[in-house]
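# Structural overview for review
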Amino acid sequence: MDYPGRISLVLFTSGCNLNCPYCHNPELRRRQEGSFTIDDVIKVVSSRTAIIDGIVVTGGEPTLHGKQLVSFLSSFKEVFPSLQIKVDSNGSNPGVLEALRGVADMIAVDLKTIAYERYLGIELSTVLRSLEVARSFTEHEVRITMYPDYVDAKHPEEFCAVLDSSSVVAVQQCYLDGRPANTPEVVEEFAEGLQRCVKEVRLRL
Ligand code: SF4
């Protein structure tokens, strides 16, 4: 699930500029310096190249590391040209995603809500720009997590209104304190609604 169709090593970056109530990595919201270097990662990956075919950079929000992230992954790609690189993002930094073109192979961007300004204090247009950039990569994924306050499950057409028809979308159940926030039927119905307006819908219950 971290990298669809691949066995991957997952790197977590610290620091996030959003504050989602359902965050599964709250300890990574605060930025911490110096946990690993490119040499550390190369050493770990070198010992696993026989079993992995990709790496995933997630967070936190990886794009907060800007040029450092781009140069880190560029060095990584030079050493391991055959490993595919996926970067997860909350969509708040489209410029950094653009800078990853030619470095990353897949970008996954969250589309958390239509009402970004109200709930998360960033503009929807910024996230839509990130989705546009993500679509220009070899692979992309738009992730919608069904947090009831953020996503009105009865109105998938609100999301259709902002999604490009070439989008690959993953509709994900939201878990709060380990329990699903919606019945499977609600999530499935929302996903069906999106099938009418995008290229592919992946269901994660
Ligand atoms: S964007 Fe991701 S890491 Fe940041 S608070 Fe939201 S769920 Fe957590």
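Quick summary incoming for the structure in this document. In this text, all values refer to a predicted model and were calculated from it rather than measured experimentally.

With that settled, the discussion passes to the pattern of salt bridges. Counted by the stated rule, this structure contains 12 salt bridges. Three or more residues joined by partner-sharing salt bridges are found here, namely Lys86, Asp88, Asp110, Lys112 and Arg143.

For the rest of this paragraph, the subject is the site of the ligand. Every residue lining the ligand is accounted for by Cys16, Leu18, Cys20, Cys23, Arg29, Gly60, Asn90 and Lys112. Within the shell around the ligand, the residues separate by chemical class into four nonpolar, two polar and two charged.

What follows is about the side chain of glutamine 173. Mapped onto the fold, glutamine 173 is located in the loop between strand E6 (168-172) and strand E7 (175-176). Glutamine 173 sits in the buried class, given a relative accessible area of 8%. Within polar-contact distance, the side chain of glutamine 173 engages the backbone oxygen of asparagine 182 at 2.6 Å. Contact partners of glutamine 173, with chain neighbours within four places excluded, come to Thr145, Pro180, Ala181, Asn182, Thr183, Val187, Arg204 and Leu205.

This part takes up helix H5 (residues 124-135). Because each turn of an α-helix spans 3.6 residues, side chains separated by three or four positions in sequence point in the same direction. Relative to the 16 Å expected for 12 residues at 1.5 Å per residue, H5 spans 17 Å between its end C-alpha atoms, a close match to the ideal helical length. Summarising the contacts, the buried residues of H5 are in contact with helix H3 (94-99), strand E4 (106-110), helix H4 (116-120) and strand E5 (139-145).

Right, let's get into the packing of aromatic side chains. All chains considered together, the criterion is met by six aromatic pairs. Judged by centre distance (5.0 Å) and plane angle (45°), the ring pair of phenylalanine 76 and phenylalanine 80 falls under tilted. What makes phenylalanine 80 buried here is its relative accessible area of 9%. On the basis of an interplanar angle of 35° and a centroid distance of 5.0 Å, the ring pair of tyrosine 119 and tyrosine 150 is categorised as tilted. Of this pair, tyrosine 119 sits in helix H4 while tyrosine 150 sits in the loop between E5 and helix H6 (156-160), and the two are 31 residues apart along the sequence. Judged by relative accessible area, tyrosine 150 falls into the buried class, the value being 7%. Linked through ring pairs, Tyr22, Tyr119, Tyr147 and Tyr150 together constitute an aromatic cluster. Here arginine 6 stacks its cationic end above the ring of tyrosine 3, 5.5 Å away from the centre of that ring.

Burial analysis of E6 places five of its five residues in the buried class, which makes it a mostly covered element. Of the two faces of E6, the one lined by Val168, Ala170 and Gln172 and the one lined by Val169 and Val171 are each fully buried. Bridge count between E6 and strand E9 (residues 200-204): five bridges; the pairing is parallel. Bridge pairing in E9 places valine 168 opposite glutamate 200.

Scoring rules and cut-offs
- Just so you know, the residues in each chain are numbered from 1, in the order the chain's sequence is written.
- Only residues with pLDDT of 70 or above have their local features reported here, since the model is predicted, and side-chain atom pairs are shown and tallied only from 80 upward, although totals for entire chains, interfaces and linings are computed over all residues.
- Hydrogens and water molecules were not included; the side-chain quantities draw on all heavy atoms of the structure.
- Between Lys or Arg on one side and Asp or Glu on the other, a salt bridge is scored when a side-chain nitrogen of the former is within 4 Å of a carboxyl oxygen of the latter.
- Proximity criterion: a residue is near a molecule or strand once any of its heavy atoms comes within 4 Å of it.
- Think of it as three bins: nonpolar holds Ala, Val, Leu, Ile, Met, Phe, Trp, Tyr, Cys and Pro, charged holds Asp, Glu, Lys and Arg, and polar takes everything else, Gly as well.
- Helix numbers and strand numbers start at the N terminus; a helix is a DSSP run of H or I with at least 4 residues, a strand a run of E with at least 2.
- Each residue is placed in one exposure class: buried if its accessible area under a 1.4 Å probe, protein chains only, is under 20% of its type's maximum, exposed if it is over 50%, and partly exposed if it falls in between.
- Contacts described as polar in this section are N or O atom pairs within 3.5 Å, which, within protein, must combine one atom able to donate a hydrogen with one able to accept it, while residues neighboring in sequence count only if both atoms come from side chains.
- Whether two residues are in contact is decided by their heavy atoms, any of which lying within 4.5 Å being enough.
- Here a helix's expected span is defined as the number of its residues, less one, multiplied by 1.5 Å.
- Only the six-membered ring of Trp is used, alongside the rings of Phe and Tyr, when aromatic pairs are assigned; centres must lie within 6.5 Å, and planes under 30 degrees apart are stacked while those over 60 apart are edge-to-face, with the rest tilted.
- Only lysine NZ and arginine CZ atoms are considered, and such an atom sits over a ring when it is within 6 Å of the ring centre and within 35 degrees of the ring normal.
- Note on pairing: two strands pair once DSSP finds at least 2 bridges between them.

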